[in-house]
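Each chain, letter by letter, is given below.
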Amino acid sequence: MARILDWTRRLEAEGSDPDPRFSFANERTFLAWIRTSLALIAAGIGVEALVTTVPEWGRRTLAGFLVLLGGVLAAFAFRRWLRSELALRRSTSLPMNQLAPVIAYGLSAGAGLAIVLILIG
């Protein structure tokens, strides 16, 4: 457990301190992904609480999918932030963005599910 909580010390031990502007930009990007994940979670809760025009099973499925997508996105956001920060400290290339397909395909699947549920309801 101590090793998990010691990630900041291990990060600081890598390479050298990057220009603070780059670290702050990396942090802003991370926070933007976190806002997106919170919006997805809120949308899932909103669907569960407010949508009454679709069957209960469909409402719960869509709500659960949105909440799950938000949670997965938050985990990927931290992973991306950490990998980018390590690249900045090591003066290596930044990692490719793996979040874009998660959110794009996830939202496409959610929209398709919503359309089907609206047509059924």
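Residues numbered from 1 in each chain as written. Predicted model: local features only at pLDDT ≥ 70, side-chain atom pairs only at ≥ 80, totals over all residues. Heavy atoms only, no water.

### Focus on the packing of helix α3 (residues 20-50) against helix α4 (residues 56-90)
Right, so step 1: Running from amino to carboxyl end, α3 crosses α4 at an angle of 170°, the nearest separation of the two axes being 7 Å. Taken together, the axis directions place α3 and α4 in an arrangement best described as roughly antiparallel.
Right, so step 2: Tallied by class, the residues present in the contact of α3 with α4 amount to 20 nonpolar, nine polar and six charged. (Axes fitted to C-alpha atoms, helices over the stretch in contact; angles between N-to-C directions. Helix = DSSP H or I, 4+ residues; strand = E, 2+ residues; numbered from the N terminus. Parallel < 35°, antiparallel > 145°, perpendicular 65-115°, else oblique. Nonpolar A, V, L, I, M, F, W, Y, C, P; charged D, E, K, R; others polar.)

### Re the packing of aromatic side chains
Right, so step 1: All told, the structure shown has five aromatic pairs when counted by the stated rule.
Right, so step 2: For the ring pair Phe30 and Phe78, a centre distance of 6.5 Å and an interplane angle of 75° mean the geometry is edge-to-face. Of this pair, Phe30 sits in helix α3 while Phe78 sits in helix α4; the two residues are 48 residues apart in sequence, bridging distant segments of the chain.
Right, so step 3: Residue classification places Phe78 among the partly exposed positions, given a relative accessible area of 32%.
Right, so step 4: Here a set of aromatic residues connected by ring pairs shows up, and it is made of Trp7, Phe30, Phe78 and Trp81. (Phe/Tyr/Trp six-rings, centres within 6.5 Å; stacked < 30°, edge-to-face > 60°. Buried < 20%, exposed > 50% of the residue type's maximum accessible area, 1.4 Å probe, protein only.)

### What about the packing of α4 against helix α5 (residues 99-120)?
Right, so step 1: Two numbers describe how α4 lies on α5: the axes approach to 10 Å, and their chain directions differ by 175°. In terms of orientation, α4 lies roughly antiparallel with respect to α5. Here Trp57, Gly58, Arg59, Thr61, Leu62, Phe65, Leu69, Val72, Leu73, Phe76, Ala77 and Arg80 of α4 lie close against α5, whose contacting residues are Leu99, Val102, Ile103, Gly106, Leu107, Ala109, Gly110, Leu113, Ala114, Leu117 and Ile120.
Right, so step 2: Of the residues that constitute the contact of α4 with α5, the class distribution is 17 nonpolar, four polar and two charged. (Contact = heavy atoms within 4.5 Å.)

### A look at a nonpolar patch on the surface
Right, so step 1: Side chains of Trp57, Val116 and Ile120 sit close together on the surface and give an oily, nonpolar patch of about 320 Å² of accessible area.
Right, so step 2: Assignment of secondary structure puts Trp57 in helix α4. (Patch = residues over 30% accessible without salt bridge, like charges linked within 9 Å, V, L, I, M, F, W, Y side chains within 5 Å. Areas by Shrake-Rupley, 256 points an atom, 1.4 Å probe, with all protein chains shown as cover. Salt bridge = Lys/Arg side-chain N within 4 Å of Asp/Glu carboxyl O.)

### Things to note about the environment of Asn97
Right, so step 1: Its location among the elements puts Asn97 in the loop between α4 and α5.
Right, so step 2: Linking Asn97 and Ser108, residues 11 residues apart in sequence, is a C-alpha distance of 18 Å.
Right, so step 3: Setting aside residues up to four positions removed in sequence, Asn97 forms contacts with Trp33 and Arg80.

### A closer look at α5
An α-helix turns once per 3.6 residues; consequently, residues spaced three or four apart project the same way.
Right, so step 1: Counted at 1.5 Å a residue, the expected span for α5 with its 22 residues is 32 Å, and the 31 Å between its end C-alpha atoms agrees.
Right, so step 2: The complete set of buried residues in α5 reads Leu99, Ile103, Gly106, Gly110 and Leu117. The arc that holds every buried residue of α5, seen down its axis, measures 75°, which confines them to one face. Relative to its buried face, α5 has exposed residues pointing more than 90 degrees away, namely Tyr105, Ile115 and Leu119.
Right, so step 3: On the buried face of α5, the contacting elements are α3 and α4. (Expected span 1.5 Å × (residues − 1). Arc of directions from axis to C-beta.)

Any functional reading would require information beyond the geometric quantities listed.
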